[in-house]
Amino acid sequence: MAYRVSISGIDGCGKTTSLNQVVDHYAKEVTVAILGRPMYIQRGSEKSYIAKGLNDISDKTHMFFDKLNFRLGIGVLHVSYEVVQELILSQLLTNRYNPSLILIDRDPILDSAVYSTYYLPLTKHISSELRLKLAKYVLHKDYPNLLLFMTLPIETALGRIDKKLIEQQYDGNSKGKKIKHLHENAEDLIEISKYFEECLSILIGKGVNIKAIGAQQEQEVVVNELIRNIDDVIK
């Protein structure tokens, strides 16, 4: 059975950049599955993308809803994508490719419980513990073997987001570009961070294997810490 490791943290902490480098490290020796957007299998430098059309439609729909400031639409879109990914695509991917390691961009249970407070505002009226239970029930998944949470001050995270957006203005390739999401502002990220802290505290109390990684460090140091913690679980 494959080890499942999820990488989470607030927007701008460098999850995707770090995940890509971690994947490259392990794919030299084993088959690695990546769950998220995009979803793919990697062995060596060769990648096989899964459900690329669904991913493209999801991204375009997300961008459309962002422009409309349509929170509820984004919330429903995310829930739908997570359900399809966890209940159908991840199972097909595992059965077909038999990966040794599954790396997940954003923990489906933790991140659903946190970001639902913004995109499905009615969930604010229930406890973080209940949101976690609901996410776990809907996705029919247990927690991963390891949950890596990347920490970063809000101001630094916002600075990174703005820097990337500015850099993209000078890049002629529009494919895969970062867009600024509705919640990517100081006020909302502070609140989202509060819910992350609540949910992480609950999960630690339940014995979920969680390791915090300081994302303000040099990128090489961050990636090495991620790899070291994963090695502690899988080797």
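From a predicted model like this one, the values you see are computed outputs, not experimental measurements.

### Quick word on the sheet that holds strand β7 (residues 210-214)
And then number 1: Reading across from one edge, β4-β3-β2-β5-β1-β6-β7 is the order of the seven strands in this open sheet, with mixed pairing throughout. Two strands bound the open sheet, and with one partner strand each, they are β4 (46-50) and β7. Ignoring which end each strand starts from, the neighbouring axes of this sheet average 20 degrees apart.
And then number 2: Sheet topology note: the strand β1 (residues 3-9)/strand β6 (residues 146-151) ladder contains five bridges and is parallel. Across the sheet, the residue bridging to S8 is F149, located in β6.
And then number 3: Docked against the sheet, helix α4 (residues 108-119) engages β1, β5 (101-105) and β6, running at close to 25 degrees with respect to β1.

### Overview of the side chain of D111
And then number 1: Mapped onto the elements, D111 comes out in helix α4.
And then number 2: For D111, the contacting residues outside a window of four places in its chain are S8, R106, S116 and F196.

### Describing the nonpolar core
And then number 1: Core analysis: the largest hydrophobic core is formed by 48 residues, its most contacted members being L103 and L110.
And then number 2: A per-element tally of this core places helix α7 (residues 186-205) first, with seven residues.
And then number 3: Among all residues touching L110, those that are not within four sequence positions of it are S8, L132, L147, F149, F196, C199, L200 and L203.
And then number 4: The next biggest cluster of nonpolar side chains, apart from the first, holds ten residues, and it includes L35, M39, I50 and L89.

What counts and what doesn't
- Residues numbered from 1 in each chain as written.
- Predicted model: local features only at pLDDT ≥ 70, side-chain atom pairs only at ≥ 80, totals over all residues.
- Heavy atoms only, no water.
- Pairing = 2+ DSSP bridges.
- Helix = DSSP H or I, 4+ residues; strand = E, 2+ residues; numbered from the N terminus.
- Axes fitted to C-alpha atoms, helices over the stretch in contact; angles between N-to-C directions.
- Contact = heavy atoms within 4.5 Å.
- Core = buried A, V, L, I, M, F, W, Y, C linked by side-chain atoms within 4.5 Å.
- Buried < 20%, exposed > 50% of the residue type's maximum accessible area, 1.4 Å probe, protein only.

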